[in-house]
Amino acid sequence: MAHRWTNDLTHADATPEAAFLNRRHFMAGAMGLGLAAMARPVAAEELELNSWEEITNYNNYYEFGTRKEDPAKYAHRLTTEPWSVKIDGLVERPGDYDFKDILSEMTIEERIYRFRCVEAWSMVVPWNGFELADLLNMAGVKEGAKYVAFETLYRPEEMPGTQFPVLQWPYREGLRLDEAMHPLTLMATGIYGKPIPNQNGAPLRLVVPWKYGFKSIKSIVRITLTDKEPPTSWNMANAGEYGFYSNVNPNVDHPRWSQTSERRLGGGLFAKRQPTLMFNGYEKEVAGLYEGMDLSKYY
Ligand SMILES: Nc1nc2c(c(=O)[nH]1)N[C@H]1C(S)=C(S)[C@@H](COP(=O)(O)O)O[C@H]1N2
Ligand SMILES: [Mo]
């Protein structure tokens, strides 16, 4: 990747949460500038980080149950070592890549992103990770590849939620290749400078900050480059409610609720809801990917 985000913190800084929080205003500013490397003037924005407690105790990870508290309760059963990721399909160097070998090749950065669930709650998370583009380039994307398909581990003996047919397991997600190669698209390996907890998708999960949270698939074991739009778990479960694109869009309501506003975690039950932003606030960076597309049709 020629392009690198300017960023104050790296994994080497790995700070305790308190020290990290002291720097949050600077960080929020740095991320607000976002594409500063491209010299684009963007007003710095105050982003209040959610706490480690909030981020790791209110989760969606249906392989461990459908209640928000289930993943924190049961995900410790997940064995994340050893871990390998199969990269196959339209790539020059297909294979089973050991997670440790992947890490040794990647540059870990800090990225503070808004995270918006389709259920209309949201949070701000300081992720650590590397750009998905770097991983795909390591495997070598072949001409003709147009999409990237992802799969979560399916291991029923460690995943009590998989006995219920809420979704078709393994959990599956997908991106268009240009979305996957976008510099905002992150493979997260940490939060607050610590290894990512199991309930948040250890050891390696996708983060696509301009899309609804369910696109950000956890505990990835397979990445396949294809020429066809891949099937995705939520779309298979209910195509009328969950499309392939699932870009955060306050102008396109979910069939059963409004998407115009959201509840920020940590604000308390009666906190004022805040407006949901187009592409979750990343419009400048990603709107170009969807030029000419009817976003109410490609929801
Ligand atoms: N494998 C898998 N990945 C998943 C999910 C899941 O149930 N299984 N839930 C998704 C949904 S709906 C959301 S909102 C986010 C939640 O991420 P978090 O628990 O880290 O906040 O994970 C996404 N990734
Ligand atoms: Mo979600």
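In this text, all values refer to a predicted model and were calculated from it rather than measured experimentally.

Enquirer: Explain the nonpolar core residue by residue, including any values.
Expert: Within the largest apolar cluster, 77 residues are counted, with the highest numbers of intra-cluster contacts made by Trp127, Leu135 and Ile223. Considering every element that reaches this core, the biggest residue donor is strand β4 (residues 121-131), with six residues. When neighbours within four sequence positions are excluded, tryptophan 127 is seen to be in contact with Glu109, Glu110, Arg111, Tyr113, Phe115, Leu186, Ala188, Gly190, Ile191, Ile196, Arg205 and Val207.

Enquirer: Explain the site of ligand 1 to me, using residue names and the numbers behind them.
Expert: Inspection of the region around ligand 1 gives 18 residues, with Asn59, Tyr62, Glu63, Thr152 and Lys218 positioned closest. Here asparagine 59 contributes a side-chain N or O atom positioned 2.8 Å from an oxygen atom of ligand 1. At a separation of 2.6 Å, an oxygen atom of ligand 1 approaches a polar side-chain atom of lysine 218. Its free accessible area being 530 Å², ligand 1 has 98% of it covered by the protein chains. Along the lines of polarity and charge, the residues of the shell around ligand 1 split into nine nonpolar, six polar and three charged.

Enquirer: For the confidence of the model for the chain, give the residues involved together with the corresponding values.
Expert: Counting all residues, the mean pLDDT for the chain is 89, and 85% of those residues have values of 70 or more. Residue range residues 1-16 is modelled with pLDDT below 50. Its contacts to residues more than four positions away, or to other chains, number 45 contacts. Here residues 22-44 is a poorly scored stretch, pLDDT under 50, and it has 39 contacts once near neighbours within four places are set aside; other chains count.

Enquirer: Let's hear about the pairing of strand β5 (residues 147-152): which residues, and what values?
Expert: Within a regular beta strand, the side chains point alternately toward one face of the sheet and then the other, so they alternate between its two faces. Where burial is concerned, most of β5 is hidden: five out of the six residues are buried. In the sheet, β5 pairs with strand β6 (residues 172-176) via five bridges, with the strands oriented antiparallel. Paired with tyrosine 147 across the bridge in β6 is arginine 176. Across six bridges, the pairing between β5 and strand β10 (residues 220-226) is antiparallel. The residue of β10 that forms the bridge with phenylalanine 150 is isoleucine 223.

Enquirer: Could you give an account of the sheet that holds strand β1 (residues 84-89), naming the residues involved and the relevant values?
Expert: Taken together, five strands build an open sheet; the order of strands is β2-β1-β10-β5-β6 and the sheet is mixed. With one partner strand each, in any of the chains shown, β2 (95-98) and β6 form the two edges of the open sheet. Between one strand axis and the next, the sheet turns through 20° on average, direction left out of account. Bridge count between β1 and β10: four bridges; the pairing is parallel. Residue pairing for β10: lysine 86 is matched across the bridge by arginine 222. With respect to the sheet, helix α6 (residues 132-139) is in contact with β1, β2, β5, β6 and β10, its orientation differing from that of β10 by roughly 70°.

Enquirer: Which residues make up the packing of aromatic side chains, and what values go with them?
Expert: Following the criterion strictly, the structure yields 14 aromatic pairs and no others. Relative to tryptophan 234, the ring of phenylalanine 214 lies with its centre 6.4 Å away and its plane at 55°, an arrangement referred to as tilted. On the criterion of sequence distance, the pair formed by phenylalanine 214 in the loop between β9 (205-207) and β10 and tryptophan 234 in helix α8 (residues 233-237) is long-range, its members being 20 residues apart. Judged on exposure class, the residue phenylalanine 214 and its partner tryptophan 234 are both buried. Taken together, a centroid distance of 5.4 Å and an interplanar angle of 80° make the contact between phenylalanine 214 and tyrosine 242 edge-to-face. Here tyrosine 242 lies in the loop between α8 and β11 (261-264) and phenylalanine 214 lies in the loop between β9 and β10, a separation of 28 residues in the sequence. Since its relative accessible area comes to 8%, tyrosine 242 is described here as buried. Aromatic ring contacts, followed pair by pair, group Tyr147, Phe244, Tyr245, Phe279, Tyr290 and Tyr298 into a single cluster.

Enquirer: Tell me about the side chain of serine 261, and name the residues and values.
Expert: Checked against the element boundaries, serine 261 lands in strand β11. When neighbours within four sequence positions are excluded, serine 261 is seen to be in contact with Arg116, Ala120, Arg273, Gln274, Pro275 and Thr276.

Enquirer: Talk me through the pairing of β1; I want residue IDs and the actual numbers.
Expert: As paired elements, β1 and β2 share four bridges and run antiparallel to each other. Among the inter-strand pairings, serine 84 is bridged to a residue of β2, identified as aspartate 98. With antiparallel pairing between neighbouring strands as the criterion, β1 and β2 make up a hairpin whose turn holds five residues.

Enquirer: Explain unusual backbone geometry to me, using residue names and the numbers behind them.
Expert: Cis geometry marks the peptide bond from tryptophan 169 to proline 170, where omega comes out at -5°. Mapped onto the elements of the fold, proline 170 is located in the loop between β5 and β6. Of the consecutive residues alanine 202 and proline 203, the connecting peptide bond is found in the cis state with omega at -5°. With respect to the helices and strands, the residue proline 203 is situated in the loop between β8 (194-195) and β9. Even without being glycine, serine 219 reaches a positive phi, approximately 40°. Along the polypeptide, serine 219 turns up in the loop between β9 and β10. Even without glycine at this site, phenylalanine 279 takes up a positive phi of about 50°. Take phenylalanine 279: it is sitting in the loop between β12 (274-275) and α9 (283-286). Among the residues examined, phenylalanine 279 registers a relative accessible area of 3% and is labelled buried.

Analysis parameters
Residues numbered from 1 in each chain as written. Chains lettered and ligands numbered in written order. Predicted model: local features only at pLDDT ≥ 70, side-chain atom pairs only at ≥ 80, totals over all residues. Heavy atoms only, no water. Core = buried A, V, L, I, M, F, W, Y, C linked by side-chain atoms within 4.5 Å. Buried < 20%, exposed > 50% of the residue type's maximum accessible area, 1.4 Å probe, protein only. Helix = DSSP H or I, 4+ residues; strand = E, 2+ residues; numbered from the N terminus. Contact = heavy atoms within 4.5 Å. Near = heavy atom within 4 Å. Polar contact = N/O pair within 3.5 Å; in protein donor to acceptor, adjacent residues only side chain to side chain. Areas by Shrake-Rupley, 256 points an atom, 1.4 Å probe, with all protein chains shown as cover. Nonpolar A, V, L, I, M, F, W, Y, C, P; charged D, E, K, R; others polar. pLDDT = per-residue confidence, 0-100. Pairing = 2+ DSSP bridges. Axes fitted to C-alpha atoms, helices over the stretch in contact; angles between N-to-C directions. Phe/Tyr/Trp six-rings, centres within 6.5 Å; stacked < 30°, edge-to-face > 60°.

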